[in-house]
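Residue-level structure breakdown
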Amino acid sequence: MTLVARMLLRRLLILIPLLLGVVAFVFIVMRFSGSKPEYAYFQGANPTPEQIHQFQLENGLLDPLPLRYVRFVVDLAQGDLGTSVLTKKPVIESVMTALPLTLQLTLLGLAVAVVVALLLGVTAALFRDRWPDQAIRMVSLIGVAAPAFWLALLMIQWLAVGQGLFPTGGYINPADSVTGWLQSMTLPALSLSLPIAAQLTRIIRTSMVEELDRDYVRTAIGSGLPSIVVVGRNVLRNALINPLTVLGLRIGYLIGGTVVIETIYGLPGMGQLMINAVRDGDPAVVQGVVLTIAVGFMVVNLVVDVLYLLVNPRLRSAA
């Protein structure tokens, strides 16, 4: 078994108790959140106490909490996230409808963040302590301090309402129009990614500066190797080890940030689905969305761990 496969197996074994802990946490929080699915089911029709009692009996709401938890875990193991008390449909259907949009937004935001951070971070390091470096550091500092929702509102005001370059909200399926999809996703992706790009820019700049000061860089350049070859082949690869670790945590921020961004731009993704479920008192949908996002975050961190092993030879030798 290869080193990567052994590390992957260890990470998967660690994920099992972590996933069980997340499931238990979500179950406990939802049960003590004060939500009343029996009232949401009747949708304000002033049900009688007998109707409420019958609903509670049919859905096991009067069973002991440990029994309800075991039933909840067994259903999850079979891929059953429960049934919405409002739509009377399986929650998995709503999740699978909303999930593709959230994945598109997250991946697009991640791509923008990585590209912008690499360009600005490497440029700042190569022009250390000169005006490009100082300008980039100032811009990145502002970006770190700017909340995603504030950027979203500014972009809607300037680029959508003021200039008319992009729509103020809504979603166009790429199967219908690729151009329309790009227009509908550009502002949400920028709003979501720019704070992450600013943070990564500062980290990449610091890592690049530390790597450029190492002896092997001066030796390689002094021996006649072109600077662009040394920077591109050795310096950049070594300098990206630390930013890669931070990126895994920031992806969790991207996933969580979609809740706010989708609400602002009216995108029918996981965030909008959860907000609507909280507003309407539909706990099955809320816990289904939260669990899906949690699992996605754990999978992303697993992938980042493997990538970190691949780019760090010292970890490979220790694995």
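Residues numbered from 1 in each chain as written. Predicted model: local features only at pLDDT ≥ 70, side-chain atom pairs only at ≥ 80, totals over all residues. Heavy atoms only, no water.

Short version of the rule: UniProt positions are given in the numbering used here, feature names are shortened, and annotations may be inferred rather than shown by experiment.
Under an unreviewed UniProt entry, the name given to the protein is ABC transporter permease, and the source organism is Nonomuraea rosea. We quote the UniProt Subcellular location (unreviewed entry) comment for the protein here in full: "Cell membrane".

**Topic: helix H7 (residues 148–162)**
Rules: Secondary structure is summarised from DSSP: a helix means a run of H or I of at least four residues, a strand means a run of E of at least two, and numbering begins at the N terminus for each. For a helix, the expected span equals 1.5 Å multiplied by the number of residues minus one. Note that bend, as reported per residue, equals the angle between axes fitted to the 7 residues terminating at that residue and the 7 residues originating from it. Exposure classes here rest on a 1.4 Å probe applied to the protein chains alone. A residue is buried below 20% of its type maximum, exposed above 50%, and partly exposed in between.
The end-to-end C-alpha distance of H7, which contains 15 residues, comes to 19 Å, matching closely the 21 Å that a straight helix rising 1.5 Å per residue would cover. The largest bend along H7 measures about 30° and falls at Ile156. Restricting attention to buried positions, one finds in H7 the residues Ala148, Leu151, Ala152, Leu154, Met155, Ile156 and Ala160. Positive backbone phi, approximately 70°, marks Gly164, located one or two places after H7.

**Observations concerning unusual backbone geometry**
In this model, Lys88 sits at a positive phi of 65°, which is unusual for a non-glycine residue. Mapping Lys88 onto the fold places it in the loop between helix H4 (65–77) and helix H5 (91–126). For Lys88, a relative accessible area of 41% puts it in the partly exposed group. The phi angle at Asp129 is positive, at roughly 65°, despite the residue not being glycine. Note on placement: Asp129 falls in the loop between H5 and helix H6 (131–145).

**Some details on the environment of Leu8**
Note that Leu8 resides in helix H1 (residues 3–31). A residue is classified by how much of its surface remains accessible, and Leu8, at 32% relative accessible area, is partly exposed. For the pair Leu8 and Asp305, spaced 297 residues apart in sequence, the C-alpha separation works out to 8.5 Å.

**So, the pattern of salt bridges**
Just so we agree on the cut-off: By salt bridge we mean one thing: a side-chain nitrogen of Lys or Arg within 4 Å of a carboxyl oxygen of Asp or Glu.
Per the stated rule, a full pass over the model turns up 7 salt bridges. Across the pair Arg205 and Asp133 runs a salt bridge, and its minimum N-O distance is 2.7 Å. Of the two residues, Arg205 is situated in helix H8 (residues 178–212) and Asp133 in helix H6; the sequence distance between them amounts to 72 residues. Each member of the pair, Arg205 as well as Asp133, is classed as buried. Across the pair Arg218 and Asp215 runs a salt bridge, and its minimum N-O distance is 2.5 Å. Highlighted residues: Arg218 and Asp215, both in helix H9 (residues 215–222), separated by 3 residues, approximately one helical turn.

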